[in-house]
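Coordinate inspection notes
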There are 4 protein chains.
Amino acid sequence: MSSNWGNLIRISIFGESHGAGVGVVIDGLPAGEPIDLEELQIHMSRRAPGHDRTATPRKESDLPEILSGTLEGRTTGAPLCALIRNTNTRSGDYQNLSILPRPGHSDYTAYVKYKGYNDIRGGGHFSGRLTSPLVFAGSVCRQILRRRGIEIGAHIYSIADICDDPFDPVQVDAGLLSQLSRTRFSLVNPKAEEPMRAAVEQARMSLDSVGGIVECAAVGVPAGLGSPMFGGVENVFSSLLFGIPAVKGVEFGEGFGAAKMRGSQHNDPYRMVNGAVKAVTNHAGGILGGITSGMPILVRAAVKPTSSISQRQDTVDLTTKENAVLEVHGRHDPCIVPRAVPVVESAVALALINLMAEGNQL
Amino acid sequence: MSSNWGNLIRISIFGESHGAGVGVVIDGLPAGEPIDLEELQIHMSRRAPGHDRTATPRKESDLPEILSGTLEGRTTGAPLCALIRNTNTRSGDYQNLSILPRPGHSDYTAYVKYKGYNDIRGGGHFSGRLTSPLVFAGSVCRQILRRRGIEIGAHIYSIADICDDPFDPVQVDAGLLSQLSRTRFSLVNPKAEEPMRAAVEQARMSLDSVGGIVECAAVGVPAGLGSPMFGGVENVFSSLLFGIPAVKGVEFGEGFGAAKMRGSQHNDPYRMVNGAVKAVTNHAGGILGGITSGMPILVRAAVKPTSSISQRQDTVDLTTKENAVLEVHGRHDPCIVPRAVPVVESAVALALINLMAEGNQL
Amino acid sequence: MSSNWGNLIRISIFGESHGAGVGVVIDGLPAGEPIDLEELQIHMSRRAPGHDRTATPRKESDLPEILSGTLEGRTTGAPLCALIRNTNTRSGDYQNLSILPRPGHSDYTAYVKYKGYNDIRGGGHFSGRLTSPLVFAGSVCRQILRRRGIEIGAHIYSIADICDDPFDPVQVDAGLLSQLSRTRFSLVNPKAEEPMRAAVEQARMSLDSVGGIVECAAVGVPAGLGSPMFGGVENVFSSLLFGIPAVKGVEFGEGFGAAKMRGSQHNDPYRMVNGAVKAVTNHAGGILGGITSGMPILVRAAVKPTSSISQRQDTVDLTTKENAVLEVHGRHDPCIVPRAVPVVESAVALALINLMAEGNQL
Amino acid sequence: MSSNWGNLIRISIFGESHGAGVGVVIDGLPAGEPIDLEELQIHMSRRAPGHDRTATPRKESDLPEILSGTLEGRTTGAPLCALIRNTNTRSGDYQNLSILPRPGHSDYTAYVKYKGYNDIRGGGHFSGRLTSPLVFAGSVCRQILRRRGIEIGAHIYSIADICDDPFDPVQVDAGLLSQLSRTRFSLVNPKAEEPMRAAVEQARMSLDSVGGIVECAAVGVPAGLGSPMFGGVENVFSSLLFGIPAVKGVEFGEGFGAAKMRGSQHNDPYRMVNGAVKAVTNHAGGILGGITSGMPILVRAAVKPTSSISQRQDTVDLTTKENAVLEVHGRHDPCIVPRAVPVVESAVALALINLMAEGNQL
C-alpha cells in the first residue's frame, strides 16, 4: 500500500505540493462510461484553494489533463491518468521546515521514515494538495455510480462547536445530496453558515485554526454489498477515509454515540414497505455485519484543526538536536473542513465503486 | 478481502458459530519465534464466554489445536494454522432466524448477499465467536512484538455512560499495559468496575444490552512506521478494527474530540529529552501523516450494544414477505465490551506486526 | 504472498509433510454451490501416493474433513476450510537432512531463509504433499466452473523423451477432458502408457528419477476474460502453476515453439462460424493480449525429475561447513508427472474461477 | 491487477500507443537513492524504435519527464511518476482495425472485453509501446539493486532458429551482464549477429516476422529470497514477464529441458567453496523451492513472432459479421526480440527489488 488503493478499481496517486504537479492513475474502470468534464470540474473547484475566506489564499485552477484512458469522452477500460500541474508554488515559505519540524504535521515522522530525503516543500507528498487527484478519481467514479442509481453527498456536520442539522438517516434523499455536492459551503441548514464562518474567522484572527466533522451519505446503494470481517463496508470506507490528511476518526450510523445506547434503542426493526424489506430506523448507518442493508449509508469523519498555524510553536532543530521555536509564514487554511467535504464524498465514491464491482453490480 | 487480511503477515479466518469450529491460518510469520502457549491461553480465555455475568453463559474452553507452522514450540516460518473446535452449540435456539432476521444483526444482509445459503445458526461466520481465532493470531503476534520492545494493552474506556479513567497519552507505560492485558475486566481505575457492572446488570434485567468503548495503547513502537495516504497507520488499524463485529467507530488520539479543538491546542510541540525528539503532548495519538512518531499509539473503538436481546422486536418474515414479531431465546451477552478488550488488543497486534514488517523491523 | 493466492477467490494453504496434516482455506466462493464429494475424492486420489508403481509407496487416504463453509452439501459463501490429516509419516527417514541438504531440493534455501527453524521432515511445507489441499481447492472450483460450461482436463504430454499425442488445439472437447480428468494415468493416446512406464521403471531401477511435461486444456471459457499487462491470463495461470513444486517452465499455445515460427504461421486467422467469431487455428492457446479469445486454453508445465533420489550425492554439512556425501532412504516417486496431472488441472481451475469472478461471470 | 503490479514496490502503468503518452507511477521506492538519468536513457533507447533495421521505423525519442518522487536527483520515498509523451503517431494507419481485428493481436479480445470502447489506434494500451514505462521503472530499480551488489543482463538467446551461445549457468558474471545491458543487439557470441540479422531481413522481405527467445541472468542475488508455493521467485518473475506483450513461455534454469533429464543429472550437488556453500552446477537456475540459492538466476522468455505483418490475412468484420480480408500498412517490427531484451531485464529488476524488499534487504 501507501498511495495505492483498491482491489478491482485501483488508484495510484502521485505528486508533491511544490513539485511539477499531482495526479492519479485509475485502473480497472469499466469501459464506455461517459465522463462529464464540466461536472468533474465543479467538484475539483469545490476542493481547490483560493475561493473562500476559510481557506488558504493560494490559488490553483486545478485543471486536470487527462493523459490516457479515455476516447471521445468515454472511458476505454485502460488506465485513466490525470495530471494536475502545480502553478502557484512559493517554496521560499517553507525553506526552514526541513530543520524545524512543524508540530502536528508529518515533517518529523516523514523525516524519520525517509531519512531526510523527502520533499518537505509545502508538505511534499503529505500535502492536502494530494486530495486534488483523489477528488478527480472520486468524481469520475461517482458519475459511474449515479448511472447505477447511487447518489453521494456530504455536508459540514460541524465546525468547532457549531453544528449543522444532521442528515435524516432514513429520509435523506438523492435530491438533497445532489444539491449539496454542487455547493461550496455545504450545509443541510443554511443558518449554520454564519456562526461557522464566524468561528473560522475568529481562529484566523488569532493566527489559529479550527477542526470539524464531515458527514456523508450515499443513497440508492443496493443491499448485499460488502463482506463479513475485513472486507466489510466499514473497513473499506475507513481504509480510504483515513488517507485524507487530518482525518482522525471515522464512524458509521450512530458511531461513538452507539456506545451509550441500549440494544433495544439501537437495533433497527424491519417492516415490509411496498413489498420491500425496510428498516424503520437507521442507527446502523446502512451497514450490518459489514454488508449494506439497502438503507442510506451514513459516515462521519473527524477533521483535526489545520496543523499549519502562524503562532509561535515549540519544536526542535533536527540538525543541531536542540530545542527551537518555529514561526510559519505560509498561506494556510484556518479551517479545511469546507474543502474536505468533496474529498470525503470522493473517498466514499471510490469505496462504493469497488464494493459494487466486487458485488458484480457494475 | 473478506476474512483474509494482511500484506506481509496475513491471516485467513474460517469457521462458524455452530459448525465444527473456528480457526485461522497465519502466513508470513518470522521463523524461530517461541510461542508461549500459557500466555496465549490467558488471552484466549479473557475473550471466551461463560466466565462473567456480563457475558453469555455459553461455555467454550477455546483450546486451540495448532495444526501446522510450529516445531518444538517455535515458529518454522511456514503458515501456522490453529483450529478451535466448537464444543457447546445449541442450534435449536436459532432455528427460526433464517426466516425472521434479527434487527441489528447480519441476518438480513447476509441473506441478501448469500441468497439464503449462509449458515444462520448462531450468526454463522458473522458470529462474535470468530473473534476467537483473531485473538489467537493477535496473541501470537504480540509475543513477537514484545521481543521487539512493543507492549500492547487495552481497557474498558466506557460502558453505557460510565467511564474509566483514560490512558495518559504521554505517560502510559508497558507495565500498566502488560498488567491490563492479563485482566478479565480491564480498567485503569478499578473504581469504575462496580458502576459498570451495575449498568450491565440493569440492562440484562430489562432483557436489553449496552454498548461501550475500548481504548487501546501501544508503547515502544519505533518512529517511522506507516506511510502517507492509504498505507497510513490509521488506515491499517481501522481496516482490521472494523472487522470486529459491533465496532461502529474508530478514532486515534483526540479523535472526534479534535473537531472542537484549535490547532494551537491540538498540535503537539517537540522538545529534546535525553537526546531524543519527544512530543510534549500526544493529541495525535502517536501518528502524524500516517506515520508513527515514537509516542504511544492511542486508539479507541466504539462497540454498539449487543444486537441479540430477548425483548420482542419487529421484523419481517423473509418467506412470506409479511411483517412479523421476533423473540430470541439464545444465550447472549448483555454487554460484550469486556470480552472485546482482548480482541481490540489482538487487532492492534496484527496491525503493528505488519507495519513492523513493512518497516524492516522484524 | 507465499502460501496465499487469489484476488476474489483466495486460497490459504497450510501444513507440513510430517506434521498433523495439510489443509486449505478457500475464501470468496459463491454461495449455494453444491459440492459433489465423491467426484472430489476421485481427484484427491488421482494425486494421492501409493496407488501406482510410478509413485512413492507411502499411502495416504487423503480424506478431507470440511471444517467450515458448507451446509447441507452446499457452499454458504463463508470461508471453506478443509483439513487432511497425515496418517502415514515416517520421520526417521529424514533425520539427517537438517544437516545435509539434498541437492535439487529446498533444504538449503529454506535453511537460509528460515535460519534453520523450518520443519525439514519430509520437506515440511515444501513437500509435494501440499499439492493435496491445492487439488481439494481446485476440485471444488472446477465443479463450480462446470456449471458455467467450463471443462478442464490434462494429460501426460511427455515423460522423459516419450510423448503422448498433443491436444488438438482447436478440436479438444469437453468429453475428452472430462474423461481424462477421471483417469489415473491420463493420456490422449493410450499407446504411450507402456513406453512411459518403462522409462519410469528404468529410472527407478537406477535409483534415479525422470521428469516430464503436463499439458492442460480448458474449453467453454468465454471470450473477454483477463486483462492487458500484469492481469493477463498467462500471468494469473503462471503465478499459480509455478507454485507446484518441480514446475520449472510454463508455456501457452505454441509457447517456446513460437520462437521459431513466422508471424504468418503463428497468427490465427478469424472466420465466422455459425454466426460466431472463431479462430481457424489456435497457436495462441486461446489467449491474445492477456485476454481469452473463446478458443480452448492450452498450457503446458515442465516438471523437473524428482529431486529425491536414492543415489549417493555430493552435498555439504551445514553444521561443520564441510563437504559431505548424502544417501537418502525415504520413499520417493521415480516420476511425479502422473500425479502432477490433477494438480495442474486444479491450478488451472483456481486461475479460471478468479478470472471468471473478475469478469462478473460467476 | 491489470496494469498494476507489485507488493512492496508497486508500479501502475498507463497510456496508449497513439494517445498523449505513456507512463508509470512507482510507489514504495526507498528514499535517498540517486538516479543516473544518463544510464537510464541508455536503457530507454535500447528499447525505443527507429534505431535498427530489425525494428519499426517509427521514431520515438522516449525522453521521460519525471513528474514526482525525486528531489535533487535522488528518490524522496514518495511515488515516482514518469511521463513519456508520444511524438510520432500516425493514427490514420490503423483506422480500419476497429472493424477488422488483426490475427494474433489483441484487437478481437479487447473488443469483447471492452465492448468496443477500447482505443484501437496502434493497439492502444496493448501496444508494445507500453514497455517503455516498464523499462523506465526497471531501470530505476536496477540502479538501486546494483548498489546492493546485484547485476542484471540479458541477451538474444535465439531468433528464428539461430542461437547465440547460452549463458554459462555457473560462471556468468557481473562484467558480462553490465556490458550486455549497454548494447543494442546483445549477444554473448557476436558471431550470431550476422545470421540473426539475415533471418530478420528475410522475414521483412516476405512481409513477415520472426520470433525468438531472450535469456536473462541476475548475479549477486543473496540466498534466501522468495517463498514456497505462490510467493516463489518463479511465480513473481513470471507474473511480470508474461505482462510483456508477445511473451508466450517462461522457464527457469533447464526449464522445459528438465523434462527430459534424470534427477541425477538435474540435481545440483553442493560443495564448500572458500567457506561458502556453492552448487557445482546450476540446472535449477538459482532457485529451489521458490527461494534463491545464491547461484545466478537464469530465466528465458519465448517471444512470439510480431503479430503485425503486412501480408493479407483472413479475418472477420465485427460490424457486418462477415468474413473479410485484412491488409495492414503500419510501421512494424519484423522482429521485436532485440528490443525485448531491455524489457526482460527491466521485468527481472522489478521482480528482484520486490523480493529484496520482502527479504528486508533494501
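Note that this is a predicted model, so its numbers are computed, not measured.

Reading the values: the criteria
- Residues numbered from 1 in each chain as written.
- Chains lettered and ligands numbered in written order.
- Predicted model: local features only at pLDDT ≥ 70, side-chain atom pairs only at ≥ 80, totals over all residues.
- Heavy atoms only, no water.
- Helix = DSSP H or I, 4+ residues; strand = E, 2+ residues; numbered from the N terminus.
- Buried < 20%, exposed > 50% of the residue type's maximum accessible area, 1.4 Å probe, protein only.
- Polar contact = N/O pair within 3.5 Å; in protein donor to acceptor, adjacent residues only side chain to side chain.
- Contact = heavy atoms within 4.5 Å.
- Phe/Tyr/Trp six-rings, centres within 6.5 Å; stacked < 30°, edge-to-face > 60°.
- Lys NZ or Arg CZ within 6 Å of the ring centre and 35° of its normal.
- Least-squares fit on C-alpha atoms with pLDDT ≥ 70 in both.
- Salt bridge = Lys/Arg side-chain N within 4 Å of Asp/Glu carboxyl O.

1. As for the side chain of D:Arg300
Turning to its location among the elements, D:Arg300 is positioned in strand 16 (residues 297–303). Since its relative accessible area comes to 8%, D:Arg300 is described here as buried. At 2.9 Å, the side chain of D:Arg300 forms a polar contact with the side chain of D:Glu215. Here D:Glu251 takes part through its side chain, which lies 2.8 Å from a polar atom of the side chain of D:Arg300. Residue contacts for D:Arg300: discarding those within four places in its chain leaves C:Phe256, D:Tyr157, D:Ile213, D:Val214, D:Glu215, D:Gly249, D:Val250, D:Glu251, D:Gly253, D:Glu254 and D:Gly255.

2. Quick look at helix 6 (residues 233–241) of chain C
Judged by how many residues are buried, helix 6 of chain C sits mostly within the fold: nine of nine residues are covered. All of the buried residues in helix 6 of chain C are C:Val233, C:Glu234, C:Asn235, C:Val236, C:Phe237, C:Ser238, C:Ser239, C:Leu240 and C:Leu241.

3. Some words on the environment of B:Ser127
Residues and elements named next belong to chain B. Position of serine 127 among the secondary structure elements: in the loop between helix 2 (107–113) and helix 3 (131–146). Residue classification places serine 127 among the buried residues on the basis of a relative accessible area of 9%. The spatial distance from the C-alpha of serine 127 to the C-alpha of serine 186 is 23 Å, given a sequence separation of 59 residues. Apart from the residues within four sequence positions on either side, serine 127 is in contact with Ser17, Gly122 and Pro245.

4. Overview of the packing of aromatic side chains
For the structure on display, the rule yields 18 aromatic pairs over all chains. Plain terms: the ring middles of A:Phe237 and A:Phe252 are 6.0 Å apart, the flat faces sit at 70° to each other, and that makes the pair edge-to-face. One end of the pair, A:Phe237, is in helix 6 (residues 233–241); the other, A:Phe252, is in strand 11 (residues 247–252), with 15 residues separating them in the sequence. Grouped by ring-pair contacts, the aromatic residues A:Phe237, A:Phe252 and B:Phe242 constitute a single cluster. Over the ring of D:Phe185 we find D:Arg197, and its NZ or CZ is 4.4 Å from the ring centre.

5. Regarding the relation of the copies chain D and chain A
Mapping chain D onto chain A calls for a rotation angle of 180° and an axial translation of 0.0 Å; the resulting RMSD is 0.0 Å. The transformation just described matches what one would write down for a two-fold rotation axis. Minimal C-alpha distance to the rotation axis in chain D is attained by D:Ser12, lying at 3.4 Å. The overlap is high: 100% of the interface residues of chain D also sit at the interface in chain A, so the same surface is used on both sides.

6. As for the pattern of salt bridges
Under the counting rule described, the total for this entry stands at 84 salt bridges over all chains. Among the ionic pairs, D:Arg204 bridges to D:Glu201, the shortest N-O distance being 2.7 Å. Placement of the pair is D:Arg204 and D:Glu201 together in helix 5 (residues 193–205), with a separation of three residues, close to one helical turn. Judged by relative accessible area, D:Arg204 falls into the partly exposed class, the value being 31%. Overall, the relative accessible area of 24% leaves D:Glu201 in the partly exposed class. Linked through salt bridges whose partners overlap, the residues forming this network are A:Glu39, A:Arg146, A:Glu151 and A:Arg182.

Everything listed here is a matter of coordinates, which is why it stays silent on function.
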